[in-house]
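Residue-level structure breakdown
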Protein chains: 2
Amino acid sequence: MDFKVIGTSQTRWDAEAKVTGKAEYTRDIPMHNLLHGKVVRSKIAHGRVINYNLEEALKVPGVIKILTADDVPDYPYSTAGHPHRLDVTVQDKKDTNIFTRRVRYYGDAIGAVIAETELAAEEAINKVIVEYEEWPFYLTPKEALMDGAKEIHDGTGNLLGDTKNETGNVDKAFKDAKYIFEDEYHTQTVQHCHMETMVAYGYQDVDKRWVCISSTQIPHICRHILGDAFNMPFGKFRVIKPFIGGGFGNKQDIVIEPMVMAMSMAVGGKPVVLELTREELFATSRVRHAIDYKMKIAIDENYIITGIDMEAISQNGGYTSHGHAVALVGEECAHLLYNVPNFRGHSKTVYTNTAAAGAMRGYGTPQAAFALNSLVGKAARELGIDQLEFQIKNVPRSGETSYGTNVKFFTNELAECLIVGKDKFEWNKKIEYNNKFNKENIDRKRGLGVGTLIYASNTKPHSPTIENSGCRLVLNQDGSVKMMIGATEIGQGSDTVLAQMVAEILGIDYDKVYADKITDTDVAPFDPGSFASRQTYVSGMAVKKASEELKEKILVSYKLFYPIYKEIDLDIIDNNIVLKKSGEFIESLADFSLRTYYDMHKGNCLTSDVSIVCNTTAYSGTATLVNVEVDTKTGKIEILDILNVHDSGKIINPILASGQVEGGMAMGIAYGLGEEMLYDQKTGKPLNNNLLDYKIPTCMDVPDLQVGFVEPNDPTGPFGNKSLGEPPLCTPAPAISNAVANAIGIEMKSIPLTPQKVLEALTK
Amino acid sequence: MDFKVIGTSQTRWDAEAKVTGKAEYTRDIPMHNLLHGKVVRSKIAHGRVINYNLEEALKVPGVIKILTADDVPDYPYSTAGHPHRLDVTVQDKKDTNIFTRRVRYYGDAIGAVIAETELAAEEAINKVIVEYEEWPFYLTPKEALMDGAKEIHDGTGNLLGDTKNETGNVDKAFKDAKYIFEDEYHTQTVQHCHMETMVAYGYQDVDKRWVCISSTQIPHICRHILGDAFNMPFGKFRVIKPFIGGGFGNKQDIVIEPMVMAMSMAVGGKPVVLELTREELFATSRVRHAIDYKMKIAIDENYIITGIDMEAISQNGGYTSHGHAVALVGEECAHLLYNVPNFRGHSKTVYTNTAAAGAMRGYGTPQAAFALNSLVGKAARELGIDQLEFQIKNVPRSGETSYGTNVKFFTNELAECLIVGKDKFEWNKKIEYNNKFNKENIDRKRGLGVGTLIYASNTKPHSPTIENSGCRLVLNQDGSVKMMIGATEIGQGSDTVLAQMVAEILGIDYDKVYADKITDTDVAPFDPGSFASRQTYVSGMAVKKASEELKEKILVSYKLFYPIYKEIDLDIIDNNIVLKKSGEFIESLADFSLRTYYDMHKGNCLTSDVSIVCNTTAYSGTATLVNVEVDTKTGKIEILDILNVHDSGKIINPILASGQVEGGMAMGIAYGLGEEMLYDQKTGKPLNNNLLDYKIPTCMDVPDLQVGFVEPNDPTGPFGNKSLGEPPLCTPAPAISNAVANAIGIEMKSIPLTPQKVLEALTK
């Protein structure tokens, strides 16, 4: 395809608004007589509230009302952000109450204060005296699965999921294997650390419906979860999403919205705002599942991986949220990556008395990719093969069909990513230089590493939820177009790339497409939201369909106005209606748009309003190549060079795509090198629930990031495009770990690779 | 048609919001860092600004910027609220600048102050020293047309319009007439006096477009007029209309929006609010044209009116606005009322140095109806025929075609209104009683009067603008429906009746249809807005079409889900999908809606998004019957009984319709008895520009109002309905005047019928 707008680095439409501070985020939205909510949180990790003493708290001036678990509706709901599932047997587990007497982790929501000021609310929650019955608590799956452990959820034995999948004949593969490698790997709990915490307003509108303005990735899903939480028809709720300061999956859970809505309901529908502090966000929003793996691979005489056998134990925290699905996506990731005919996965997901784990960028794949890539790196090292060549040899190719998902890889250019990366990174030159360097230096050792990933472009084919999207376009009087989409801009730039698609199809300039700065379930066509790297792919299909329909309507309408063109093919190019064959100018779209609005007889406002169901997916490929230097005296790892090369099909907007990749790489580096949520073993209280103690890299800490793309034209993607949002962060950690092994000759099997951990390994 | 929701008195959806104060009107909308605009207004009635001295004004603390006429774009525009006209020869006259050096009336906008507070802005405008060149000014058409009068608009001779229309052979009609009656009538300048003054915010949004939040009747038209005023593409503007506290046509002119937008543009797009004071509203917004008539009618031997010859001189004020069209609609009104074959109209519209006259409820017809009904009453009295019988004899009937507009009266039951009214009012009994009363009383005289009107249901067929409308409906997950319309709720209840139409067609409950509380040009389908009594008729057509389309989509979709129903007629009744023949329940619409959203394969969000062009109109009929008592010592008129009977076709919501009529009657009574804007002869300054000096009746001053309807089913109306918004106020004044003549035997030819005027007439 020959594109004009697609594939160009258009400036994101909200760029200036954001850098100048003009963009209104949820908390910026002004509201009269806004009340302030604060959540009363448990000071124990496991147990039961026996009694609330509100006497002193109620005396705090400005306190309007205090709610306990007994004062709010009791309809358990799931916070997991999936579209409603018609089949009740596959619905998310409804185990969450707005406020609870049964405490499942330190910080669990047991009540709330509504006050005239934030300060009053804060003071009052500190004066609520709660009497607990305390139970033993479990900070790891191992503890939670001990015999006689108290059940965090009744009847579960603390086991949320336990599944075995097998494809092919794994035992035979291992029996026939020339080489077998196996090892155990550990990944840690991390937090999303989006800039904007969770914040929402709740109020009753004048039409008696309940409005939630929320920093959510999933406005339409939020609507139905509110319906679940209050046992009310979904249409009684309206959700509005303003600009968002990041989400990374955390805001794919509906954590605070039912709370703030319950608060508003308790005060007759008056507006209430609830904004989590950073500390609350760490302790009580969603985290990434810490997953431990036993990973085993079979390799034949041609150094081809023929089988994978993996076991996973996933730490889920106190509530189900996305639950076991995350471990399963990790399994799928492992199966996809080398597309082995023989695959066995055994995953367990376990409740613990820690913050609930949920969706987080990558959704189980950073964990599995770390484990599998580390083992493959180890195999290459032990077999004496260049790890990059070993990867190239084993990753799947375009045209293959996945043994794991039965989906054909119409395009799968991960191998090409590795080949391009090898060249771009000067891999061989670096090997030579590192060898030389390592010989010359005793305290500093350099090494190269690779990490790879195959990633879907939505939740298909395994998820039991619908993949759909909608788009409405309105041709304005001046030939510009208003774009209404349900796809949710959460900072990734989806509004911009979707607007580019509209401009491309309609033959108009990009800056003539106006996106909405909010997503409002009342007017935005239905779309589940921003997750699963789905929007450019799935929502792009809706946008494409709507654009094609609107273009068709414009041209048909033109022929109705000017029957002399009835039999002639017309087109829209550069904002003009032209003869399709010659490109000859007939009339500007602006002039014709005016006519379509105001012609006395044929006047008609041209719009398109479509929805699509997507039943395909496409797999993107990611390779990280990294060169590190380990200070063997301190254990500190320095990244010298790092490159991500992606096959995401056609890139819609190169500069935005690069930004997406760079952000992901920074996140992936931090995942590999430093981030980890820690709990106090004696109390279950989070130890580093703030950005002073929990370190994320600043721009000063992130090395130069190199980005490359190979761009096959995927036939299933609306513009040949595939996923890109999540993959970039999944591969740096294993690449770094492999590089460290390459540098110091020691396999690190547990992230983060803190200096302490590296030094301990070196000391052993 | 057999209706379930249409024809029922549903509670308006915004009723509670409004009576509890929860409804957000424009000025209630919170906004951060809002600046305040105030307009610098001329202190002379005619002349030119020679110099602005801003020195002292700029010293006022808090003043940000002061704009003069030289600081704003100079693209003259028309403030008149008509859809953009493609034919430039019939476009509204573009004679208005945002701010002007050329002053055309006392209070003309010559500049503006933008300040941090309203007080600072107020203080500063008083410190702007303006040096003028003063010219003679003209407060009446007569003065403005004097030889050698200074031209208010160059090259016009102060004559804005001068048209002659003739149908049939008027001279012959008068030659052949058995009786001829003629007289001169005067109507006065009045103000709309809506509760909420004109108020608007202007700011630049983060997408660089310019947003105007305004209390306007015509958001979509406002958008294009802003485009005109700034010579920018229409799509660069977005207009949002919140709840409105009345408009009555005044807000069918775009008076303040370009001003506030210019102010915002002057301060880099920061939000600015401009709210007119009541005094400014009186002096500088639109008023009703004062029209003087020479009216002449020919009557044959059967007491049938056979010809009308009328001359009108209409006082237009300093700017064109709706201009001559108002006088022409008055002519049309006269021609429609008795549907005479011979009609001649000669209308002149004249610029004067007074507030510009524009659209006001009735748009020229209250004036013409006063003059013509008064003359017809006089004829009846002089011919010794009961005026009611004389009206019944002369008004047109269903099935006739209008000589004036060539439109067929498919339904025209004005005669029936009079007949029903006669009975309901106990007309004959009252005659007897009045005769008895008048004999027994010297100082108090009673009399009966009638006023009648025929009124179109939109601007068709004469207006050169498009009559179109749009509606988008979204089926929510719970079987409720979101209704998006461009039709503008301005307090009249249009959202409610349009929602009833949706409910009716879709077979769902009225309270399952959710209207928008704002009209936002970005998302609301195009509709010119609220004027010409058009919405229930024209917008109703769009709503009906959208509803039918959505219903069809639902039922087609149902058959796709359940092919066993493929060949069976289905329907939606009482929120359920049923067998059309038997009414047998199949599934609730709520359940099916959920399925349509979330089915993995057939999932689809059902919406309809339609627009229509309306090329018909329908004529409604109005009759007022009134019984008055005149205190001959004071000249005071007391209304003893008053009844309006309307043929508005099918009434969609009886209680709202009655409210509409009652409001109109109160307005019409005030027009007949008391309201009048007065100017100081020496300065041209308004004398009574506030609600203390300009009296409008309170609910304590309004007599009991009786309302009746006859309800023919008009085949052109979407539900058999016709116009109702404007007619109610047009007939009380002539009915009262006729009743006064009946009581005291003196023809009053000039409204308002103040005690002073009546006493003067009695004294003569």
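Remember, it's a predicted structure, so these values are computed and weren't measured experimentally.

1. Notes on the overall build of chain A
Of the regular secondary structure elements, chain A holds 19 helices and 27 strands. The C-alpha atoms of chain A give a radius of gyration of 27 Å, which matches the 27 Å a tight globule of 764 residues would have. Projecting the C-alpha coordinates of chain A onto the three principal axes gives extents of approximately 85 × 70 × 45 Å. The proportion of buried residues among the 764 residues of chain A is 66%. Taking the intrachain contacts of chain A between residues at least 6 apart in sequence as the baseline, contacts between residues at least 24 apart amount to 80%. As displayed, chain A has an accessible area near 26,400 Å², and 51% of this comes from carbon and sulfur atoms.

2. Things to note about the relation of the copies chain A and chain B
If you rotate chain A by 180 degrees and push it 0.0 Å along the axis, it lands on chain B with an RMSD of 0.1 Å. With respect to symmetry, the two chain copies, as superposed, fit the operation of a two-fold axis. When C-alpha distances to the rotation axis are compared across chain A, the minimum falls at Pro-30 of chain A, with a value of 2.8 Å. When you check the interface residues of chain A against chain B, 100% turn up at the interface there too, and the contact is symmetric in its surfaces.

3. Here we look at the packing of aromatic side chains
In the structure shown here, the tally under the stated rule is 38 aromatic pairs over all chains. Geometrically, the ring pair formed by Phe-425 of chain A and Trp-427 of chain A is tilted, given 6.4 Å between the ring centres and 40 degrees between the ring planes. Both residues of the pair, Phe-425 of chain A and Trp-427 of chain A, belong to the buried class. Taken together, a centroid distance of 6.3 Å and an interplanar angle of 40 degrees make the contact between Phe-561 of chain A and Tyr-562 of chain A tilted. In this structure Phe-561 of chain A comes out as buried when scored by relative accessible area, which is 9%. Pairwise contacts between aromatic rings join Tyr-558, Phe-561, Tyr-562, Tyr-565 and Phe-592 of chain A into one cluster. Cation over ring: Arg-209 of chain B sits above Tyr-514 of chain A, and NZ or CZ is 4.4 Å from the ring centre. The ring of Phe-719 of chain B has Lys-544 of chain B sitting right over it, with the charged end atom 5.5 Å from the ring centre.

Cut-offs used in this document
- Counting starts from 1 at the beginning of each chain's written sequence and moves along it residue by residue.
- All chains are assigned letters beginning with A, and all ligands numbers beginning with 1, in the order in which they are written.
- Per-residue local features of the predicted model are confined to residues with pLDDT of at least 70, and side-chain atom pairs are confined, for both listing and counting, to 80 or more; whole-chain, interface and lining totals are unaffected and use all residues.
- Each side-chain value is derived from all of the structure's non-hydrogen atoms; neither hydrogens nor water enter the calculation.
- Helix and strand definitions here come from DSSP, where helices need a minimum of 4 consecutive H or I residues and strands a minimum of 2 consecutive E residues; each element is numbered from the N-terminal end.
- Both definitions apply: the radius of gyration is a C-alpha atom measure, and the globule rule equals 2.2 Å times residues to the power 0.38.
- Only protein chains enter the calculation, and the probe is 1.4 Å; a residue is then buried if its accessible area is under 20% of its type maximum, exposed if over 50%, and partly exposed in between.
- Contacts are assigned to residue pairs with any non-hydrogen atoms lying within 4.5 Å of each other.
- Shrake-Rupley sampling with a 1.4 Å probe provides the accessible areas, and residues are treated as covered by the protein chains on show and by no other component.
- The copies are overlaid by a least-squares fit using only the C-alpha atoms of residues whose pLDDT is at least 70 in both copies.
- Pairs were defined over the aromatic rings of Phe, Tyr and Trp, the Trp ring being its six-membered one, requiring ring centres within 6.5 Å. Orientation was assigned from the angle between planes: stacked under 30 degrees, edge-to-face over 60, tilted for the rest.
- Geometrically, a charge over a ring is one whose NZ (Lys) or CZ (Arg) sits within 6 Å of the ring centre while staying within 35 degrees of the ring normal.

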